[in-house]
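What follows is the residue order along each chain.
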Amino acid sequence: MRLLLLLLFVLVCTCVRAQRVLLFEKLTSSKSERVYEGDMLRFRMKGDKFWQEGYIREMRPDIQALVINDRYVLLDEIESVYQGNTIATKLGYGLITFGAGWSVFAALGYATDKDPSTSYSVDDALVTATSVGAGYLLIKVLGTRKFRPGKFRRLRIVDISF
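The residue numbers shown here count from 1 along each chain, following its written sequence. Per-residue local features of the predicted model are confined to residues with pLDDT of at least 70, and side-chain atom pairs are confined, for both listing and counting, to 80 or more; whole-chain, interface and lining totals are unaffected and use all residues. Excluded from the side-chain calculations are hydrogens and water; all other atoms, namely the structure's heavy atoms, are used.

## Focus: the sheet that holds strand β9 (residues 153-159)
Spatially, β2-β1-β9 is the arrangement adopted by the three strands of the open sheet, whose pairing is antiparallel. The strands lining the two open edges of the sheet, one partner per strand, are β2 (33-36) and β9. Neighbouring strand axes in the sheet, compared pairwise and without regard to direction, differ in orientation by 25° on average. Direction of pairing for strand β1 (residues 20-26) relative to β2: antiparallel, over a ladder of four bridges. Counted as the bridge partner of Val-21 is Tyr-36 from β2. The pairing criterion for strands is at least two bridges between them, as found by DSSP. Each helix corresponds to a stretch of at least 4 residues labelled H or I by DSSP, and each strand to a stretch of at least 2 residues labelled E; elements are numbered beginning at the N terminus. Between the N-to-C directions of two axes lies an angle of 0 to 180 degrees, each axis being a line fitted to C-alpha atoms and, for a helix, fitted only over the stretch in contact.

## Details of the packing of helix α2 (residues 87-112) against helix α3 (residues 122-142)
Packed helices, taken two at a time, are described by their axes: the angle between them and the distance between them. With their axes 7 Å apart at the nearest point, α2 and α3 run at an angle of 165° to one another. Between α2 and α3, the angle is such that the two are roughly antiparallel. Where α2 crosses over α3, the two elements pack in a sense that is left-handed. Here the nonpolar group is Ala, Val, Leu, Ile, Met, Phe, Trp, Tyr, Cys and Pro; Asp, Glu, Lys and Arg are the charged ones; every other residue, Gly included, is treated as polar. For the contact of α2 with α3, the residue count by class is 17 nonpolar, seven polar and one charged. Orientation categories follow fixed angle ranges, with anything under 35 degrees roughly parallel, anything over 145 roughly antiparallel, 65 to 115 roughly perpendicular, and all other angles oblique. The handedness criterion is simple: a crossing whose near helix is rotated anticlockwise from the far helix by less than a right angle is left-handed, and one whose near helix is rotated clockwise is right-handed.

## Description of the packing of aromatic side chains
Aromatic rings from Phe, Tyr and Trp, with only the six-membered ring used for Trp, were paired whenever their centres fell within 6.5 Å, and each pair was classed as stacked if the ring planes differed by under 30 degrees, edge-to-face if by over 60, and tilted otherwise. The tally for this structure, following the rule as stated, stands at three aromatic pairs. Arranged with centres 5.0 Å apart and planes meeting at 75°, the rings of Phe-24 and Phe-147 form a pair that is edge-to-face. Placement of Phe-24 in strand β1 and of Phe-147 in strand β8 (residues 144-147) is noted, with a sequence separation of 123 residues between them. With respect to burial, Phe-24 and Phe-147 carry one shared label: buried. With centroids separated by 5.8 Å and ring planes inclined at 55°, the aromatic side chains of Phe-98 and Trp-102 adopt a geometry described as tilted. Taken together, the positions of Phe-98 and Trp-102, both in helix α2 and four residues apart, correspond to about one turn of that helix. Throughout this description, the term charge over a ring refers to an Arg CZ or Lys NZ atom that lies within 6 Å of the ring centre and within 35 degrees of the ring normal. Just above the ring of Tyr-82 sits the side chain of Arg-42; from NZ or CZ to the centre is 4.7 Å. Using a 1.4 Å probe on the protein chains alone, a residue whose accessible area is under 20% of its type maximum counts as buried, one over 50% counts as exposed, and one in between counts as partly exposed.

Spelled out as structure tokens, the structure:
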């Protein structure tokens, strides 16, 4: 029985592929973020204006390349990697919703109060414009986290099998 378990263990260990990790390293930090094979990666290549995304099928540490969407992507050709939204995105969408709600409810309130002396005023439009503008700026300026390899940051594939 023990021999059978030992053979099964050896068979499983030889069939399991080596574990490879994509590291997002910063010069000033001792910790690095990790991405594994099978994870989704959204990135932009140098010279492109659009984002590409796909699952990492394979990592090649010998040539520092990823296999995404059945093609090789060299790490040196990646301009930036999308790492998700920040709290500023949620705050920005909240401000835009607040501004739009202010405008809609002010217009509905003035239309249904049956008082001819009240109307949608410049103050209501200013509150709406300020809130929507501030929310839009928050989303555009502080809304996304991106990792841009350069002088003090790098992408690296490491084989951590032993």
